[in-house]
Amino acid sequence: MNAFATFTALITWLCVPALAAPELHQITVNGDGVLQFADGAGEVALFGVNYYPPFSIDYAEIRAKGLDHEQAIRDDVKHFARLGLTAIRLHCWDREISDHQGNLIENHHLRLLDLLISECANAGIYTVLTPIAWWNSPTGGGFSDLYTMHQMTTDPTAREVQRNYLRQFVNHVNQFRKLPYRDDPAVVGFETINEPIYPPGTTDEQVVEYINSLVEAIKSTGCRKPVFHSFFCSRETAVGASKADGITFGWYPTGLVAGQMLTGDYLPAVNDYAAMRNPALEGKAKIVYEFDAADVQKPYMYPAMARAFRSGGAQIATQFQYDPMCLAAWNKNWQTHYLNLCYTPAKAISFAIAAEAFRRIPRLSRFGDYPASNRFGDFRVSWEEELSELVSEHAFMYSNDTSSVPPAPEKLQRVWGCGSSAIVKYGGTGAYFLDREDRNYWRLQVYPDAVMVADPYSGGGNEKTRILWQEREMRVRIPELGEEFQVTSVDGGGVREARNGAFRVTPGEYVLTRGMTEILTTPRGDFLAPPSSDLPPAAFVEAAKQWREGYPWNVRASVAAADIQRCSLRIRGPGEREFSAVPMQEGRAYQFAALVPGEAVRGGKTEYYLEVVTGDGTWTFPGGKPGARVDEAGVQPAVLMQVAADSALPQVSYSGPEGKSARAGFVPGPTDNSTALRIEADAFAEPPSCAGIRWPVTAPGNPAAYDAVAFIARGGPDTTAVEITLVQVDGNAFGYNVPLGESWGETVVALEKLKPMWSTTAGAPDLSKLREVSVIFGTWLFPHAKDLPHWVEVERVELRKASPTWTLEVDARTDPILLVRPADRHVHLWGAGRSGSSVPGMDRGVNAFRVDVDGFKPEPDCVSYRLPVQDAFSLWQDEAAKTDCVILKARAGRPNTNAVEFVVIEKDGAPWGTEVKLDRSWQEIKIPFSELRYFGHWNPNAPGRGGEGDRLRPENIRSVNVCLGAFLYPEHFADRHAVEVQEASLGWVGEREATR
């Protein structure tokens, strides 16, 4: 083809729609339980996300911000297609689209669902629908308002309402596609209900009857699509025996809602998904309705999870949940999850690689055990390199800088990445997509930089990630393009010449050509990105909160600012008067790191802050203040609520059981001559039963001086928390669940950590508008003890100026080696009548985690939680190897709770445990390793462990398990029980001198 013909062909190609709608095909399930395309195109392998602008808190937040739901959906679906995703899944908030009889309501929520399915279909993306979510919504009114989840699964009246709703739902005609859901090829099939929970004692036969009734309701409409039911509550056997065509699984191997970014290596936890290969499920199709590496920001987990799903036989997998681009800057609604092309670009590229892995890996393939499984086919994952990658003849994809080289660069069809590689060198933090469109023509999309400015998983409505548009150099080495080629902006930005493969680029879309000086271009239509921020500089420091004396301390910072000239870490160790400077080395754009030498890391508290020099001046963090840091004179607290003996007694509001009451009075406070307000309630009923007061306050005269609030309070034996909220004159309110102990305690919370309450629309508290303090407590805080008497005493609520520095707690070498503090991690407790809460611990300023149980059934009924050791533990493994005991700080929370089962688990799964005696007082309990026995009943097939001469290898401990159950309290198993654990550490039975 001559040059003119080539040019004409390119113009023709660019003048037709670049993203024509792919054809979708009906999906069926064969007798072996394999999902197949009905047109004979082979097995199904679809990978994507959950996505919720049509419903619940995403819907409400988009509306509160005055944004367009439909535009949000259209924009995000384009990004789904850009990433190569092929599936979405939604559990539909039935309370928002139904009435109490189960009739479907045509409203805005349903219109948005129709639109989402239609937009996805136009992009070649299939939808899995779960018609019943049951969960509460900001705008309820449906049939789920009338029934508990237990009733949903067992009550005959609730079942008929569900059946009525399901029939109408699958018959609903999509107003955009003009097809009923039951016939639309864009809809893969239906999952009957999201995460059903069955009452205690429900038999498999009863569960099968329930499943079959829902499946039959759907099939009675003439629907021939696959119908799935959830594995939830470990009912695989019942699903296997039911008429459901398939089973849905969920997986959160890193837990949920840790409240902070997890930085450890979690690849060993995602080696396989053997549960799908349960023989009871033969003949059932398998899909994954929800999954995530929750609270993990490093982009290495998703392809490994896709590999594990395929090992189990999954054919569809959808992550929970993709953040709408219009909300992703704040990550407010689903704080433990964070995925968006613009705001988490490296994770998004990792997810795109996972989608490729899911499609390419044959179903039921195995790749050995960790760490060998980190390489599988053309894919590789690495925690150390923070990397996912696909390296093949035609595709080169990577989530971070990589030294890998594609085997045949001349055959490449696409290069997608973050960071730099042998093909593309780029220093920005945004994603880029380089796609071949013809032999000498490539399409390039460069997304803007994303800079982390707060822990994305900390919750609240503050900004988490900032978008910045910067011009940068990019170097592209594609054999067909050579060293000199033209770079044409499709946005009218003109043509620039690449020399030695290098050219300047700003975020946008380009066509890269060789030998052509003029070219007509049309955008693909899927490059969408938020505008560049014009806010003042911001910074986020990633550093451990707890460290160990003598070990080098690594600090990483991301700084959202233009023209950064220098970044320094300023530290002041114990007993030092002045701060010393540690220069931070720049990595990729906005990224800085410093390694504080071990000799500078001494036991006690180390203060530190960040100093950033830009072209506009100097900034210090925390606080983001312009100018060099100066020690400020102490800002005096602003008292909001201080109780005095002559204070007016507030009126108590109460919504408890009939015949019960609540009251308020004044009692002695924590110090001589101080007074506290005591609020008592006889008992509470079902949520939202509560008791509380409102205390009028005066706004501080200088509100900008304060950035924290302190609560001085305590509670009764069963009153483990109280909700204290700052209420403004405009109705906005921000509160915090303050943990309570039986002794007086002080809780200090940064204002940015307060959570929006009730119908709050503002993003942050406005102290100049404060009107009153709300003190309220009730069933939702302690459901295990709602029928018991409760009391709360509050002495003071005051505003404070938080420290202008961060603090690192450094344990001395003679101190025990911390394994885990449960209150610092999210703990999920399965089953009804079990709840967890954070309470004051044994040591001042340290919280403990409390487990409450209404009572146990006979053995083997129990409740337990397992937590990984702190991320930094691997750094001092050599020291851990020399310890000789485990130290547990714990106490019983109930009179008859006299023991707890405590187990440490090594990285190969070997469990070592014992029963630990407790009483109502806090104890520091030393458990010599010799008293730990191998729990062979946990892992009977563990090779080579538990035999004669085997012992715990403390340096290999990877997790800690705490259990309480009927077997511990044979005479009192039905009583209420509670255990509080502050921490578990490794130490020495005797005294130990420091070693270096």
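Cut-offs and rules
Residues numbered from 1 in each chain as written. Predicted model: local features only at pLDDT ≥ 70, side-chain atom pairs only at ≥ 80, totals over all residues. Heavy atoms only, no water. Helix = DSSP H or I, 4+ residues; strand = E, 2+ residues; numbered from the N terminus. Buried < 20%, exposed > 50% of the residue type's maximum accessible area, 1.4 Å probe, protein only. Contact = heavy atoms within 4.5 Å. Areas by Shrake-Rupley, 256 points an atom, 1.4 Å probe, with all protein chains shown as cover. Lys, Arg positive; Asp, Glu negative; His and termini not counted. Charge placed at Lys NZ, Arg CZ, Asp CG, Glu CD. Pairing = 2+ DSSP bridges. Salt bridge = Lys/Arg side-chain N within 4 Å of Asp/Glu carboxyl O. Core = buried A, V, L, I, M, F, W, Y, C linked by side-chain atoms within 4.5 Å. Axes fitted to C-alpha atoms, helices over the stretch in contact; angles between N-to-C directions. Parallel < 35°, antiparallel > 145°, perpendicular 65-115°, else oblique. Left-handed = near helix turned anticlockwise from the far one by under 90°. Nonpolar A, V, L, I, M, F, W, Y, C, P; charged D, E, K, R; others polar. pLDDT = per-residue confidence, 0-100. Polar contact = N/O pair within 3.5 Å; in protein donor to acceptor, adjacent residues only side chain to side chain. Phe/Tyr/Trp six-rings, centres within 6.5 Å; stacked < 30°, edge-to-face > 60°.

Thoughts on the overall build of the chain
Broken down by element type, the chain carries eleven helices and 59 strands. Expressed as lengths along the three principal axes of its C-alpha atoms, the size of the chain is roughly 95 × 70 × 70 Å. Out of the 996 residues belonging to the chain, those deemed buried represent 58%. A sequence separation of at least 24 residues applies to 72% of the contacts in the chain between residues at least 6 apart. Counting only carbon and sulfur atoms, one obtains 49% of the accessible surface of the chain, whose full area is about 38800 Å². For the chain, the centre of its 98 positive side-chain charges and the centre of its 123 negative side-chain charges are spaced 2 Å apart.

Observations regarding the sheet that holds strand β42 (residues 721-728)
As a general point, the strands of a sheet are linked pairwise by backbone hydrogen bonds and lie either parallel or antiparallel. Read across the sheet, six strands follow the order β37-β40-β46-β42-β43-β45 without closing on themselves; strand pairing throughout is antiparallel. Strands with a single pairing partner mark the edges of an open sheet, and in this sheet they are β37 (653-654) and β45 (755-756). Alignment of strand β40 (residues 690-696) against strand β46 (residues 770-778), held across seven bridges, turns out to be antiparallel. Bridged to Trp695 within β46 is Val773.

A closer look at the pairing of β46
For β46, a buried count of eight out of nine residues is recorded, marking the element as mostly surrounded by other parts of the structure. Relative to β46, β42 runs antiparallel, the two being bridged by six bridges. Note that in β46 the partner of Ile724 across the bridge is Val775.

What about the pattern of salt bridges?
Taken as a whole and judged by the stated rule, the model has 76 salt bridges. Measuring nitrogen to oxygen at the nearest pair gives 3.7 Å for the salt bridge that ties Glu983 to Lys889. Of this pair, Glu983 sits in strand β59 (residues 977-987) while Lys889 sits in strand β53 (residues 885-892); the two residues are 94 residues apart in sequence, bridging distant segments of the chain. Residue Glu983 is classed as buried on the basis of its relative accessible area, which comes to 7%. Residues joined in a network through salt bridges with shared partners are Asp718, Glu742, Arg850, Asp852, Arg891, Arg894, Arg920 and Glu980.

Some thoughts on the nonpolar core
By size, the foremost hydrophobic cluster in this structure holds 141 residues, and its most contacted members are Leu113, Leu129, Phe169, Phe291 and Phe309. The greatest single-element share of this core, amounting to nine residues, is contributed by helix α10 (residues 345-360). Discounting chain neighbours no more than four positions away, the residues touching Leu113 are Pro54, Phe55, Leu90, Cys92, Leu129, Phe169 and Tyr181. Residues Ala557, Tyr608, Leu952 and Tyr969 belong to the second largest nonpolar core, which totals 79 residues.

Re the packing of helix α9 (residues 302-312) against α10
Look at α9 against α10: their axes get within 7 Å of each other, and the N-to-C directions meet at 25°. In terms of axis orientation, α9 runs roughly parallel to α10. Of the two possible hands of crossing, α9 and α10 adopt the one that is right-handed. Only Lys347, Ser350, Phe351, Ile353, Ala354, Ala357 and Phe358 of α10 make contact with α9, whose side of the interface consists of Tyr302, Pro303, Ala306, Phe309 and Arg310. Each residue belonging to the contact of α9 with α10 can be placed in one class, and the counts come to nine nonpolar, one polar and two charged.

Structural notes on the packing of helix α6 (residues 156-171) against helix α7 (residues 204-219)
At a minimum axis distance of 8 Å, the contact between α6 and α7 shows a crossing angle of 30°. Judged by the angle between their axes, α6 and α7 are roughly parallel. As for the relative orientation of α6 and α7, their crossing is right-handed in sense. On α7, the residues touching Arg159, Gln162, Arg163, Leu166, Arg167 and Val170 of α6 are Glu209, Tyr210, Ser213, Leu214, Glu216, Ala217 and Ile218.

Quick word on the sheet that holds strand β3 (residues 46-50)
Spatially, eight strands are ordered β3-β4-β5-β6-β7-β8-β9-β10 in a closed barrel, and the strand pairing comes out parallel. Each strand of the sheet is rotated relative to its neighbour by a mean of 30°, with strand direction disregarded. Where strand β5 (residues 126-130) and strand β6 (residues 187-191) come together, three bridges link them in parallel fashion. Opposite Leu129, over in β6, you have Phe190 as the bridge partner.

Some details on the confidence of the model for the chain
Averaged over all residues, the pLDDT of the chain equals 92, while 96% of them reach at least 70. Here residues 1-18 scores under 50 on pLDDT; set against residues more than four positions off or in separate chains, the count is 20 contacts.

Comments concerning the environment of Gly40
Its location among the elements puts Gly40 in the loop between β2 (35-37) and β3. Spatially, the C-alpha atom of Gly40 lies 26 Å from that of Ile353, the residues being 313 residues apart in sequence.

Details of unusual backbone geometry
The step from Phe621 to Pro622 runs through a cis peptide bond, and the omega angle for that step is 10°. One can find Pro622 in the loop between β34 (617-621) and β35 (625-626). The omega torsion of the bond from Pro687 to Pro688 falls at 10°, within 30 degrees of zero and hence cis. Tracing the sequence through the fold places Pro688 in the loop between β39 (675-681) and β40. The backbone of Asp295 shows a phi angle near 70°, a positive value even though the residue is not glycine. Within the secondary structure, Asp295 sits in the loop between β9 (285-291) and α9. A relative accessible area of 0% means that Asp295 is categorised as buried.

Side note on the side chain of Arg380
Assignment of secondary structure puts Arg380 in strand β12 (residues 379-382). When its relative accessible area of 10% is taken as the criterion, Arg380 is described as buried. Of note is the side chain of Arg380, whose polar atom sits 2.8 Å from the side chain of Glu385. In this view, Arg380 contacts Asn374, Arg375, Glu385, Leu387, Ser388, Glu389, Thr402 and Ser404; residues no more than four positions away in its chain are not counted.

Considering the pairing of strand β50 (residues 834-840)
Taken together, the seven bridges between β50 and strand β51 (residues 847-853) define a ladder with antiparallel strand orientation. The residue bridging Ser835 from the neighbouring strand is Asp852, located in β51. Where β50 hands over to β51, the hairpin turn is made up of six residues, of which Gly845 adopts a positive phi near 80°.

Considering the packing of aromatic side chains
The way to describe two aromatic rings as a pair is by their centre distance and the angle between their planes. Tallied over the entire structure, the rule returns 50 aromatic pairs. Ring centres 5.5 Å apart and planes at 65° place the aromatic pair Trp134 and Trp135 in the edge-to-face group. Judged by relative accessible area, Trp134 falls into the buried class, the value being 17%. Judged by its relative accessible area of 41%, Trp135 falls in the partly exposed class. An aromatic cluster of three or more residues is present, and its members are Phe47, Phe231, Phe232, Phe249, Trp251, Tyr273, Phe291, Tyr302, Phe309, Phe351 and Phe358.

Notes on the environment of Phe190
By the secondary structure assignment, Phe190 is in strand β6. A relative accessible area of 0% places Phe190 in the buried class. For the pair Phe190 and Pro299, spaced 109 residues apart in sequence, the C-alpha to C-alpha distance is 31 Å. In this structure Phe190 touches Leu129, Pro131, Phe169, Val170, Tyr181, Arg182, Ile218, Cys223, Lys225, Pro226, Val227 and Phe228, once residues within four positions along its chain are discounted.

Side note on α9
Residue pairs three or four apart in sequence face the same way in an α-helix, which turns once every 3.6 residues. Counting buried positions over the eleven residues of α9 gives eleven, a clear majority of the element. Every buried residue belonging to α9 is among Tyr302, Pro303, Ala304, Met305, Ala306, Arg307, Ala308, Phe309, Arg310, Ser311 and Gly312, and all of these are buried. In the stretch just after α9, Gly313 is the one whose phi turns positive, near 105°.

With respect to the side chain of Thr192
Following the sequence through the fold, Thr192 ends up in the loop between β6 and α7. Judged by relative accessible area, Thr192 falls into the buried class, the value being 0%. At a separation of 2.6 Å, a polar atom in the side chain of Thr192 contacts the side chain of His229. Discounting residues that sit within four places of it in the chain, Thr192 has contacts with Pro131, Ile132, Leu166, Leu214, Val215, Ile218, Val227, Phe228 and His229.

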